[in-house]
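Residues per chain are reported as follows:
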Amino acid sequence: MSVNSIRLTKTYIHLDRLTQNMRLLQEHVGTRPLWPCIKANAYGHGAEIVSRHLMSLGYHTFGVADVEEGMALVQAGVQATYIVLSETLPDHSEALVTHGFEPTISTPTMAESLSRETAKAGKQISVHIKVDTGMGRVGIHPNEVKPFLEHCQSLGGLRVRGLMSHFPRADEADKSFSLEQIERFKKVVKETKGYGIEMYHLANSAAIFDLPDSYFNAVRPGISIYGLRPSWEMTNPRVGELEPILEWKTRIVFLKEVPAGRGLSYGHAFHTKRPSLIATIPVGYGDGLNRNLSNNFDLLVQGVRCPQVGRITMDMTLIDVTALRGIVELGDEVEIIGRQGAEEVTADELAGKLGTINYEIVTCISHRVPRVPCAADDTGR
Ligand SMILES: Cc1ncc(COP(=O)(O)O)c(C=O)c1O
């Protein structure tokens with residue numbers, strides 16, 4: 001029996017919904033390539049499962065954060081084109097050249113280091129120049145693109161395949177800043193005409209829905225492929241057609257009747273107000289269930305919302321299932337994120353309680369939680 005099959009807390013990755021989300025995104029951008037971002041373990045969904053399914057749908061260029069993420073996928077046998085989205089240092093040049101990854105670069109130091117490495121290896125490397133049109137994180141100023149591009153092209157072994165930028169505010173209702181960025185990017189595109197750049201790319205998920213002028217030659221969706229909306233300020237109603245592909249479930253491992261006035265879990269941060277039926281589930285902050293949710297969220301048992309009570313601990317959490325007295329049983333399934341009957345708990349709901357974004361909720365589900373691929377209405381048990 002595999003470790004995965006005996007673990008009681010699992011995520012189920014609905015691949016049919018991934019297919020649907022890709023179809024929806026593709027409808028927006030027409031024949032342009034989608035380059036899905038599968039960094040951070042595919043936003044917590046399992047990079048190997050997600051990338052394999054995307055390859056089966058015909059997608060073969062992926063955004064990873066760093067060299068290690070690309071190498072892990074190559075070692076797992078996923079032979080794709082990997083664009084390394086975070087900044088790299090010369091320490092990474094050998095691995096980048098060896099594996100044929102495509103780094104995004106914005107420093108002469110990195111360009112020169114890669115060039116030296118290609119000479120040693122007798123290979124070429126494709127790179128993407130990163131331009132800061134307003135993100136304010138990494139990238140060169142639009143005015144510096146031409147000299148930097150000419151410098152890169154003067155170095156042996158470097159092929160500047162792409163030129164890219166990124167949006168910090170495309171998910172906001174007010175698009176004025178993003179529209180300015182598009183204009184800045186268009187100016188750079190115009191200035192670099194004739195330099196043989198094949199791919200200009202700028203759009204993230206929010207831009208795919210709300211800013212069709214930002215598509216250029218390829219787009220880089222992340223959160224939307226997982227069926228989650230970039231924000232609640234999006235203007236395109238079709239964002240509502242996205243289907244979350246992740247379900248997070250566990251099972252009841254202990255049930256007890258507790259009298260009124262009993263303190264529960266560390267710090268006794270919860271006291272029963274009435275005789276209560278309390279269930280224990282084998283999930284905690286060690287699995288990525290944020291401790292700040294303690295006493296402040298519901299889980300679904302038998303299609304009923306049941307309040308979580310007491311502090312979430314590393315490995316175990318308590319739920320008040322008094323409403324299900326006489327019905328609930330040991331081994332019953334508990335939905336942490338997902339749907340049961342007419343009820344649903346979403347990553348957005350948990351994010352709202354924590355004052356964060358859905359991206360963080362799913363990305364923080366820890367490595368000890370198995371990711372189980374499943375097809376329509378199949379929860380893999
Ligand atoms: C450079 C870059 N492109 C694209 C994306 C995808 O963004 P989103 O998940 O909002 O679609 C990200 C995500 O952080 C990114 O860093």
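Here is what the cut-offs are and how they apply
- By convention here, each chain's residues receive numbers from 1 onward along its written sequence.
- Per-residue local features are limited, in this predicted model, to residues with pLDDT of at least 70; the limit for side-chain atom pairs, both in listing and counting, is 80 or more; totals at the level of whole chains, interfaces and linings are taken over all residues.
- With hydrogens and water set aside, each side-chain value is computed from the structure's full complement of heavy atoms.
- A patch is a set of surface residues, each over 30% in relative accessible area and not in a salt bridge, joined within 9 Å for like charges and within 5 Å for the nonpolar side chains Val, Leu, Ile, Met, Phe, Trp and Tyr.
- In this description, accessible areas are obtained by the Shrake-Rupley approach with a 1.4 Å probe, and a residue is regarded as covered only by the protein chains that are shown.
- Each salt bridge in this description consists of a side-chain nitrogen of Lys or Arg and a carboxyl oxygen of Asp or Glu lying within 4 Å of one another.
- By the criteria applied, helices consist of DSSP H or I runs no shorter than four residues and strands consist of E runs no shorter than two, each listed in order from the N terminus.
- In this text, near means that some heavy atom of the residue lies within 4 Å of the molecule or strand in question.
- We call two N or O atoms a polar contact when they sit within 3.5 Å, provided that within protein one can donate a hydrogen and the other can accept it, with sequence-adjacent residues counted only if both atoms are side-chain atoms.
- Cavities and pockets were defined on a 1 Å grid built from protein atoms only: a cavity is a group of points that admits a 1.4 Å probe but offers it no way out, a pocket is an open group of points flanked by protein on both sides within 12 Å along at least five of seven lines, and a lining residue is one with an atom within 4 Å of any such point.
- Cavity and pocket membership follows a simple rule, namely that a molecule belongs there if more than half of its atoms are within 2 Å of the grid points.
- Three categories are distinguished: nonpolar for Ala, Val, Leu, Ile, Met, Phe, Trp, Tyr, Cys and Pro, charged for Asp, Glu, Lys and Arg, and polar for the others, with Gly belonging to the last.
- Two strands pair under a simple rule: DSSP has to find at least two bridges between them.
- All axes here are fitted lines through C-alpha atoms, helices being fitted over the stretch that makes contact, and every angle between N-to-C directions spans 0 to 180 degrees.
- Throughout, the edges of the domains are those of an automatic or database domain assignment.
- Only heavy atoms matter for contacts: two residues are in contact if any of them lie within 4.5 Å across the pair.
- Two parts lose some accessible area (1.4 Å probe) when they are put together, and adding that loss for both gives the buried area.
- Ring geometry is summarised as follows: Phe, Tyr and Trp rings, the Trp one being its six-membered ring, pair when their centres sit within 6.5 Å, and such pairs are stacked at plane angles under 30 degrees, edge-to-face over 60 and tilted between the two.
- Note on exposure labels: buried denotes an accessible area under 20% of the residue type's maximum, exposed denotes more than 50%, and partly exposed covers the range between, all computed with a 1.4 Å probe on protein chains only.
- Geometrically, a lysine NZ or arginine CZ counts as sitting over a ring once it is within 6 Å of the ring centre and also within 35 degrees of the ring normal.
- By definition, the arc is the one covered by directions from the helix axis to the C-beta atoms.

*Asks:* I'm lost on a nonpolar patch on the surface in this one. Help?
*Replies:* A surface patch of nonpolar side chains, about 230 Å² in accessible area, is lined by Leu8, Val253 and Phe254. Checked against the element boundaries, Val253 lands in the loop between strand E8 (246-251) and strand E9 (254-258).

*Asks:* Mind showing me how you'd approach the site of the ligand here?
*Replies:* The immediate surroundings of the ligand are formed by 13 residues, with Lys39, Tyr43, Ser205, Gly222 and Tyr359 found nearest. Taking Arg137, its side chain carries an N or O atom lying 3.5 Å from an oxygen atom of the ligand. One of the backbone N or O atoms of Gly222 is found 2.8 Å from an oxygen atom in the ligand. Relative to its unbound accessible surface of 390 Å², the ligand loses 90% to contact with the protein. In this structure, the ligand is accommodated by the largest pocket. Class assignment for the residues of the shell around the ligand results in six nonpolar, four polar and three charged.

*Asks:* I keep staring at the pairing of strand E13 (residues 298-301) and nothing clicks. Help me out?
*Replies:* Every other side chain in a regular strand lies on the same face of the sheet, so the side chains alternate between the two faces. With four bridges joining them, E13 and strand E14 (residues 304-309) adopt antiparallel strand pairing. Bridge assignment links Leu299 to a residue of E14, and that residue is Cys306. Between the end of E13 and the start of E14, which pair antiparallel, lie two residues, with Gln302 showing a positive phi angle near 50 degrees. Relative to strand E16 (residues 333-340), E13 runs antiparallel, the two being bridged by two bridges. Bridging across to E16, Val301 finds its partner in Val334.

*Asks:* What should I look at first to understand the sheet that holds strand E2 (residues 61-64) in this one?
*Replies:* Sheets are built from strands that pair by backbone hydrogen bonding, the pairs being arranged parallel or antiparallel. Taken in spatial order, the six strands of this open sheet run E2-E3-E4-E5-E6-E7, and their pairing is parallel. The open sheet has two edge strands, E2 and strand E7 (199-201), and neither has a second partner. Direction aside, the axes of adjacent strands within the sheet are offset by 30 degrees on average. Where E2 lies against strand E3 (residues 81-84), four bridges are found, and the strand directions are parallel. From the neighbouring strand, Gly63 faces E3, where its bridge partner is Ile83.

*Asks:* Help me understand the domain arrangement of the protein chain, please; the structure alone is not making it clear to me.
*Replies:* How big an interface is tends to be stated in terms of accessible area lost as the parts join. Looking at the assigned domains, one finds that the protein chain contains domain 1 (32-240) and domain 2 (246-374). On a C-alpha basis, the centres of domain 1 and domain 2 stand 38 Å from each other. Residue-level contacts link 12 residues of domain 1 with 11 residues of domain 2. Carbon and sulfur atoms supply 63% of the area that domain 1 and domain 2 bury against each other, a total of about 1000 Å² over both sides. Between domain 1 and domain 2 we count zero salt bridges in total. Our count for the contact surface shared by domain 1 and domain 2 stands at four residue pairs in polar contact (both at pLDDT 80 or more). Take the side of domain 1 that touches domain 2: its biggest share by element is three residues, from helix H3 (residues 39-43). Here the side of domain 1 that touches domain 2 is composed, by residue class, of seven nonpolar, four polar and one charged.

*Asks:* Is there a simple way to think about the packing of aromatic side chains in this case?
*Replies:* What describes a pair of aromatic rings is the distance from one ring centre to the other and the angle between the planes of the rings. According to the stated counting rule, one finds six aromatic pairs in the structure shown. Ring centres of Tyr82 and Phe101 lie 5.7 Å apart, and the angle between their planes is 85 degrees; on these two criteria the pair is classed as edge-to-face. Of this pair, Tyr82 sits in strand E3 while Phe101 is found in the loop between helix H6 (93-99) and strand E4 (102-105), placing the two residues 19 residues apart along the sequence. Take Phe101: its relative accessible area is 2%, and that puts it in the buried class. A connected cluster of aromatic rings, assembled from ring pairs, spans Tyr43, Tyr226 and Tyr359. The lysine or arginine in question, Arg229, covers the ring of Trp232, its NZ or CZ lying 4.0 Å from the ring centre. The ring of Tyr12 is capped by Lys249, whose NZ or CZ atom sits 5.6 Å from the centre of that ring.

*Asks:* So what exactly am I meant to see when it comes to helix H5 (residues 67-75) here?
*Replies:* Residues that lie three or four places apart on an α-helix share one face, since the helix turns once every 3.6 residues. Listed as buried for H5 are Val67, Gly70 and Leu73. Buried residues of H5, viewed axially, fall in a sector of 130 degrees; they line one side. Its buried side turned inward, H5 meets helix H4 (47-56), E2, E3 and H6. The opening residue of H5, the one whose side-chain oxygen lies 3.3 Å from the backbone nitrogen of Glu68, is Asp66. With its phi angle positive at about 95 degrees, Gly77 sits one or two positions after the end of H5.

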